[in-house]
Amino acid sequence: MRTIFFSFLFSLLALCVHAEERILERSELLDIVSEKILVLRLFGIELKVIEDGTIEGKAMGWNVKGEWEWQDGFFCRSMWWGERDIGYNCQEVTIKNKKIKFTSDRGNGASARFLLK
């Protein structure tokens, strides 16, 4: 009985910690985000990552514009939020369920997880 309990517990734990899947190719990213809006409700952010290499959307009432490229397995972007230059950064991209996560500094910095709508 004890063995069955621990087997069940470890199986449940494995489901809970299902790893995020890293996106390694530009085409893979576009398959996921094409015609979708990336939403981060906490900050009122809604963005579109467009195939032509542009980014557009809104954040806290201000327009967001930018450009992106795929470089060595990373999403590299420069963005403007209203008049503020957010700068250039290459980010690791992962996905889990219907949420996509961008982690700055090639996966070593802060991250933001967006709902795909």
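Residues numbered from 1 in each chain as written. Predicted model: local features only at pLDDT ≥ 70, side-chain atom pairs only at ≥ 80, totals over all residues. Heavy atoms only, no water.

**Things to note about the pairing of strand 7 (residues 84-96)**
It is a general feature of regular strands that their side chains alternate between the two faces of the sheet. Pairing between strand 1 (residues 21-22) and strand 7: two bridges, direction antiparallel. Bridge pairing in strand 7 places Arg22 opposite Thr94. What sits between strand 6 (residues 74-81) and strand 7 in their antiparallel hairpin is a turn of two residues, with Gly82 showing a positive phi close to 65°. (Pairing = 2+ DSSP bridges. Helix = DSSP H or I, 4+ residues; strand = E, 2+ residues; numbered from the N terminus.)

**Observations regarding the state of the cysteines**
If you walk through the whole model with that rule in mind, you get one disulfide. Covalent S-S linkage joins Cys76 and Cys90, the inter-sulfur distance amounting to 2.0 Å. Disulfide Cys76-Cys90: torsion about the S-S bond near 110°, hence right-handed. Of the two residues, Cys76 sits in strand 6 while Cys90 sits in strand 7, which places them 14 residues apart along the sequence. The pair formed by Cys76 and Cys90 is uniform in burial state, with each residue classed as buried. (Disulfide = S-S within 2.5 Å. Buried < 20%, exposed > 50% of the residue type's maximum accessible area, 1.4 Å probe, protein only.)

**Regarding the side chain of Lys101**
On the secondary structure map, Lys101 appears in strand 8 (residues 99-103). A residue is classified by how much of its surface remains accessible, and Lys101, at 16% relative accessible area, is buried. A polar contact of 3.2 Å, which involves the side chain of Lys101, links it to the side chain of Glu20. When residues no more than four places from it in sequence are discounted, the contact partners of Lys101 are Glu20, Glu92, Val93, Thr94, Ser111, Ala112 and Arg113. (Polar contact = N/O pair within 3.5 Å; in protein donor to acceptor, adjacent residues only side chain to side chain. Contact = heavy atoms within 4.5 Å.)

**Regarding the packing of aromatic side chains**
Taken as a whole and assessed by the stated rule, the structure comprises three aromatic pairs. Ring geometry for Trp68 against Phe75: centres 5.3 Å apart, planes inclined by 25°, an arrangement best described as stacked. Three or more aromatic residues link up through ring pairs in this structure, and these residues are Trp68, Phe75, Phe102 and Phe114. (Phe/Tyr/Trp six-rings, centres within 6.5 Å; stacked < 30°, edge-to-face > 60°.)

**As for the pattern of salt bridges**
Tallied over the entire structure, the rule returns three salt bridges. Note that Glu20 is salt-bridged to Lys101, the shortest N-O span being 3.2 Å. Here Lys101 lies in strand 8 and Glu20 lies in the loop between helix 1 (2-16) and strand 1, a separation of 81 residues in the sequence. Glu20 sits in the partly exposed class, given a relative accessible area of 28%. With a shortest N-O distance of 3.5 Å, Glu92 and Arg22 are connected by a salt bridge. (Salt bridge = Lys/Arg side-chain N within 4 Å of Asp/Glu carboxyl O.)

**With respect to the confidence of the model for the chain**
For the chain, per-residue confidence averages 89 on the pLDDT scale, and 85% of positions sit at 70 or higher. Across residues 4-16, where pLDDT falls below 50, the model places one contact with residues more than four positions away in sequence or in other chains. (pLDDT = per-residue confidence, 0-100.)

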